[in-house]
Amino acid sequence: KVIGTRYGNVMGSRGSVIPLFIEQIKTGKPITITNPSMTRFMMTLDDAVELVLYAFKNGNQGDLFVQKSPAATVSVLAKALVELYESKSAVKEIGIRHGEKMYETLVTKEEMIKAEDQKKYFKIIPDGRDLNYDQYFSKGTVKSSTEEYNSNNTNLLNIDEMKNLLMTLPQIKEELNN
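Description of the structure in this document. (Residues numbered from 1 in each chain as written. Predicted model: local features only at pLDDT ≥ 70, side-chain atom pairs only at ≥ 80, totals over all residues. Heavy atoms only, no water.)

### What about the nonpolar core?
Link 1 in the chain: One finds Ile18, Leu81, Met162, Leu166 and Ile172 to be the most contacted residues of the largest nonpolar core, which totals 25 residues.
Link 2 in the chain: Elements that contribute at least two residues to this core include exactly α1 (18-26), β3 (31-33), α3 (74-84) and α6 (159-166).
Link 3 in the chain: When sequence neighbours within four positions are dropped, the list of residues in contact with Leu166 reads Met11, Ile18, Leu77, Ala80, Leu81, Leu84 and Ile172.
Link 4 in the chain: One finds Phe41, Val66, Leu106 and Val107 within the second-largest nonpolar core, a separate group that totals ten residues. (Core = buried A, V, L, I, M, F, W, Y, C linked by side-chain atoms within 4.5 Å. Buried < 20%, exposed > 50% of the residue type's maximum accessible area, 1.4 Å probe, protein only. Helix = DSSP H or I, 4+ residues; strand = E, 2+ residues; numbered from the N terminus. Contact = heavy atoms within 4.5 Å.)

### A short note on the sheet that holds strand β4 (residues 39-43)
Link 1 in the chain: Spatial strand order, β2-β4-β6: three strands in an open sheet with mixed pairing. The sheet terminates laterally at β2 (9-10) and β6 (71-73), the two strands that pair on one side only.
Link 2 in the chain: Set on the sheet, helix α2 (residues 45-58) makes contact with β2 and β4; between it and β4 the angle comes to about 75 degrees. (Pairing = 2+ DSSP bridges. Axes fitted to C-alpha atoms, helices over the stretch in contact; angles between N-to-C directions.)

### Digging into α1
Link 1 in the chain: Three or more residues of α1 are buried, namely Ile18, Phe21, Ile22, Gln24 and Ile25. Projected onto a plane normal to the axis of α1, the buried residues spread over an arc of 160 degrees and lie on a single side.
Link 2 in the chain: Buried residues along α1 sit in contact with β3, α3, α6 and α7 (170-177).
Link 3 in the chain: Immediately downstream of α1, the backbone of Gly28 shows phi near 75 degrees, a positive value. (Arc of directions from axis to C-beta.)

### A look at the environment of Thr146
Link 1 in the chain: Secondary-structure assignment places Thr146 in the loop between α5 (134-138) and β11 (149-150).
Link 2 in the chain: For Thr146, a relative accessible area of 33% gives the class partly exposed.
Link 3 in the chain: Apart from residues lying up to four places away in sequence, Thr146 is in contact with Lys109, Met112 and Ile113.

### Thoughts on a nonpolar patch on the surface
Link 1 in the chain: A grouping of Leu45, Val49, Leu53 and Phe56 is seen on the molecular surface, where their side chains present a nonpolar patch of about 430 Å² in accessible area.
Link 2 in the chain: In this structure, Leu53 sits in helix α2.
Link 3 in the chain: Residue Leu53 is classed as exposed on the basis of its relative accessible area, which comes to 51%. (Patch = residues over 30% accessible without salt bridge, like charges linked within 9 Å, V, L, I, M, F, W, Y side chains within 5 Å. Areas by Shrake-Rupley, 256 points an atom, 1.4 Å probe, with all protein chains shown as cover. Salt bridge = Lys/Arg side-chain N within 4 Å of Asp/Glu carboxyl O.)

### Re the packing of aromatic side chains
Link 1 in the chain: The full count for this structure, using the stated rule, is four aromatic pairs.
Link 2 in the chain: A ring pair is formed by Phe41 and Tyr149, whose centres lie 5.2 Å apart and whose planes are at 40 degrees; its orientation type is tilted. A residue pair is termed long-range when its members are at least 10 positions apart, and Phe41 in strand β4 and Tyr149 in strand β11 qualify at 108 residues. There is no split in this pair, since Phe41 and Tyr149 are both buried.
Link 3 in the chain: Between the aromatic rings of Tyr54 and Tyr121, the centroid separation amounts to 4.2 Å while the plane-to-plane angle is 20 degrees, which identifies the pairing as stacked. Here Tyr54 is found in helix α2, whereas its partner Tyr121 is found in strand β10 (residues 121-124), with 67 residues between them in sequence.
Link 4 in the chain: Judged by its relative accessible area of 3%, Tyr121 falls in the buried class.
Link 5 in the chain: Members of the aromatic cluster, connected to one another through ring pairs, are Phe41, Phe122 and Tyr149.
Link 6 in the chain: In this structure, Lys68 is placed above the aromatic ring of Phe122, and the distance from its NZ or CZ to the ring centre is 4.8 Å. (Phe/Tyr/Trp six-rings, centres within 6.5 Å; stacked < 30°, edge-to-face > 60°. Lys NZ or Arg CZ within 6 Å of the ring centre and 35° of its normal.)

Written out as structure tokens, the structure reads:
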């Protein structure tokens, strides 16, 4: 069986900005953010593993699973780290880089129409229709409009909520408890 998962930022991973922000704090440099309003999904490594295991257990051929994750602005993330590390680091806006998006989309509008809400996850089943287009010229199907699922329209964390989530990361928990 081929089953897919899709997610945004895995906190503290190689592609995450969190290790860069921590390094900037530790070296006394300003924290460089692209745009304070930019949003990103926040997911721990444990959440990512849980998503994959859930998909294995509950998926069928071609299904795609997306975890409903909270998101935060880059500004909230930076301020939460400054507060956790009791740092005096300034936050410096450097502008959006080429190709960078203001928010992440995990489920498009078209996918949301057929998505099954499974409490913590969305399950998107594959389109099993054939390519017999004749049926659509005489009759079609009515689709309700819906909104895509993105990091700008999900639950946005405030600074305290972001700090609590950051404290679940082993690296941060270990450093701050020493």
